Amino acid sequence: MRGKFITLEGPDGSGKTTISKIIFEKLQSEGYKVLLTREPGGIEIAEQIRNIILDKKNITMDARTEALLYAAARRQHLVEKISPALEAGYIVICDRFVDSSLVYQGIGRGIGIDEVYQINLFAISNIVPDLTIFFDISYEQGLARINKNNRDMDRLDLESDDFHKKVYNGYLTICNKYPDRIIKIDASKSIDEVASQALKIIRNKL
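Keep in mind that what you see is a predicted model, and the values were worked out from it rather than measured.

A. Summary view of empty space enclosed by the protein. With the rule as written, the count across this model stands at one cavity of 30 Å³ or more. Roughly 40 Å³ of internal volume is contained in the largest cavity. Forming the boundary of the largest cavity are Pro11, Asp12, Tyr104, Tyr139, Leu143, His164 and Val167. Where the lining of the largest cavity is concerned, the elements lending two or more residues are α6 (139–148) and α7 (161–177). When the residues that make up the lining of the largest cavity are grouped by side-chain class, the tally is five nonpolar, one polar and one charged.

B. Focus on the pairing of strand β3 (residues 91–95). Of all five residues making up β3, five are buried, and the element is well covered by its neighbours. Relative to β3, strand β1 (residues 4–9) runs parallel, the two sharing five bridges. Within the sheet, the bridge partner assigned to phenylalanine 5 lies in β3 and is valine 92. Where strand β2 (residues 34–38) and β3 come together, five bridges link them in parallel fashion. Counterpart to arginine 38 in the pairing with β3 is aspartate 95.

C. A look at helix α4 (residues 98–108). A large share of α4 lies buried, amounting to 10 of its 11 residues. Within α4, burial applies to Val98, Asp99, Ser100, Ser101, Leu102, Val103, Tyr104, Gln105, Gly106 and Gly108. Against the buried residues of α4 lie β1, α3 (63–87), α5 (113–124), β4 (131–136), α7 and β5 (182–186). Positive phi shows up at glycine 110, right after α4, with a value of about 80 degrees.

D. Representation of the sheet that holds β3 in the model. Read from one edge of the open sheet, five strands run β2-β3-β1-β4-β5, paired in parallel fashion. The sheet terminates laterally at β2 and β5, the two strands that pair on one side only. Adjacent strand axes in the sheet meet at a mean angle of 20 degrees when their direction is disregarded. By the bridge criterion, five bridges tie β4 to β5 in an arrangement that is parallel. Residue pairing across strands places isoleucine 133 opposite isoleucine 183, the latter belonging to β5. Strands in contact with α3 are β1, β2 and β3; relative to β2, the strand with the most contacts, it is inclined by about 160 degrees.

E. A look at the layout of surface pockets. Of the pockets and cavities examined, the second largest pocket occupies roughly 160 Å³. In terms of lining residues, the second largest pocket is bounded by Met1, Arg2, Gly3, Lys4, Tyr32, Lys33, Gly89, Ile91 and Leu206. Of the residues contributing to the lining of the second largest pocket, the split by class is four nonpolar, two polar and three charged.

F. Geometry of the packing of aromatic side chains. Within the structure shown, the criterion is met by four aromatic pairs. Plain terms: the ring middles of tyrosine 104 and tyrosine 171 are 6.4 Å apart, the flat faces sit at 85 degrees to each other, and that makes the pair edge-to-face. Residue tyrosine 104 is located in helix α4, and its partner tyrosine 171 is located in helix α7; the two are separated by 67 residues in the primary sequence. Residue tyrosine 171 is classed as buried on the basis of its relative accessible area of 1%. Each ring, one from phenylalanine 134 and one from tyrosine 171, has its centre 5.0 Å from the other, and the planes form 25 degrees; the classification is stacked. Here phenylalanine 134 is found in strand β4, whereas its partner tyrosine 171 is found in helix α7, with 37 residues between them in sequence. Among the aromatic residues, those joined into a ring-pair cluster are Tyr104, Phe134, Phe163 and Tyr171. Across the ring face of phenylalanine 97, the terminal group of arginine 74 is positioned such that the distance to the ring centre comes to 5.4 Å.

Scoring rules and cut-offs
- Residues numbered from 1 in each chain as written.
- Predicted model: local features only at pLDDT ≥ 70, side-chain atom pairs only at ≥ 80, totals over all residues.
- Heavy atoms only, no water.
- 1 Å grid on protein atoms, 1.4 Å probe; cavity = no way out; pocket = protein on both sides within 12 Å on 5 of 7 lines; lining within 4 Å.
- Points joined across faces, edges and corners; volume = space filled by probe spheres on them.
- Helix = DSSP H or I, 4+ residues; strand = E, 2+ residues; numbered from the N terminus.
- Nonpolar A, V, L, I, M, F, W, Y, C, P; charged D, E, K, R; others polar.
- Buried < 20%, exposed > 50% of the residue type's maximum accessible area, 1.4 Å probe, protein only.
- Pairing = 2+ DSSP bridges.
- Contact = heavy atoms within 4.5 Å.
- Axes fitted to C-alpha atoms, helices over the stretch in contact; angles between N-to-C directions.
- Phe/Tyr/Trp six-rings, centres within 6.5 Å; stacked < 30°, edge-to-face > 60°.
- Lys NZ or Arg CZ within 6 Å of the ring centre and 35° of its normal.

Spelled out as structure tokens, the structure:
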């Protein structure tokens, strides 16, 4: 039986990366076959592409180049890791997927949601998440968390407030566009509260 593909989305600093690990460990302890992965990255080739995308030195990178690199990393990640795991019946939890490209490049960079979606259709074929959880937190709160935690800032973290505001508003647009797939949760609460919300949603889907 095919597994379930669950993606986690949210602005930088939303806590989804930390909570993805909690979800993974909890489901695994309950006996589920679970795979935790991330984008861009997840496998060696995609991690190399990730390093190019996020390198602070690459400030001259064109917006469409960035979108194409994300799609390339996604394709390799999909064929090498995600699809085989789904075919083997795993619950695949992925920290970011296509929705990130739609908002960061489609809206944040101004390329357009439909244009970025077309690039990614070529990359993902017919693989669509069964469920997406959006960790809803304002871009100001997210960036404040990053600064407070002294996390190493990558090229996208260092973008302007206007860029991060566009990304957040883009996520709200995507939530309205795909209401049957995307469920929004309040990510401003404590880690335990948000993880509990997310686990409840995932269990309902399973």
